[in-house]
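Listed below are the residues making up each chain.
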Amino acid sequence: RPFQLGSVERAAVHTAALSEEYARREEEERRARDFRARPRPKSLGAPSFTVSKSTKPLTEIQPFGCRSDSRASERKAWETEATKRALADSAARARAQHEQQEQAAAEAAEARAKTSFKARPASVLRAKPFQVQR
């Protein structure tokens, strides 16, 4: 190098210090990423829970009934009853309608019979003619 400048030496020192700082930071970050379990604080005293075998008996498996099964059977019984009631109601309505139609037909026949023309009997014609009294 033809010239010995102070700024070149300062730049080299600065670059070296900067690269050391980067290396130190990377090492700190790497150590921070590593897992370290901390011991239990002594201020908590002895552990409050100790593992021991259970004294309760084992659970017995018991059969169970789903509510949906019993509900389905109840619903089926209700639907058959509802169907029977509906059939009985429709039969009663049909009977009532049939009776009403028969009654209307009887009334119409009676009305026709009353309004039809009736000839005078021959015996009336042979009787004495009607005379007006003065």
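Comments concerning the environment of alanine 109
Argument step 1. By the element assignment, alanine 109 lies in helix H2 (residues 67-115).
Argument step 2. Exposure remark for alanine 109: the relative accessible area of 34% places this residue in the partly exposed category.
Argument step 3. Between the C-alpha atom of alanine 109 and that of isoleucine 61, which follows or precedes it by 48 residues, the distance is 79 Å.

Examining the pattern of salt bridges
Argument step 1. Summed over all chains, the structure comprises 9 salt bridges.
Argument step 2. The salt bridge involving arginine 24 is made with glutamate 28; its shortest N-O contact spans 2.5 Å. Note that arginine 24 and glutamate 28 are positioned in helix H1 (residues 6-33) at a spacing of 4 residues, about one turn of the helix.
Argument step 3. By relative accessible area, which is 39% here, glutamate 28 ends up partly exposed.

Notes on the confidence of the model for the chain
Argument step 1. Of the residues in the chain, 98% reach a pLDDT of 70 or more, and the chain-wide mean stands at 88.
Argument step 2. Ranking the helices and strands of the chain by mean pLDDT puts H2 first, with 95, and helix H3 (residues 122-126) last, with 71.

Calculation notes
Residues numbered from 1 in each chain as written. Predicted model: local features only at pLDDT ≥ 70, side-chain atom pairs only at ≥ 80, totals over all residues. Heavy atoms only, no water. Helix = DSSP H or I, 4+ residues; strand = E, 2+ residues; numbered from the N terminus. Buried < 20%, exposed > 50% of the residue type's maximum accessible area, 1.4 Å probe, protein only. Salt bridge = Lys/Arg side-chain N within 4 Å of Asp/Glu carboxyl O. pLDDT = per-residue confidence, 0-100.

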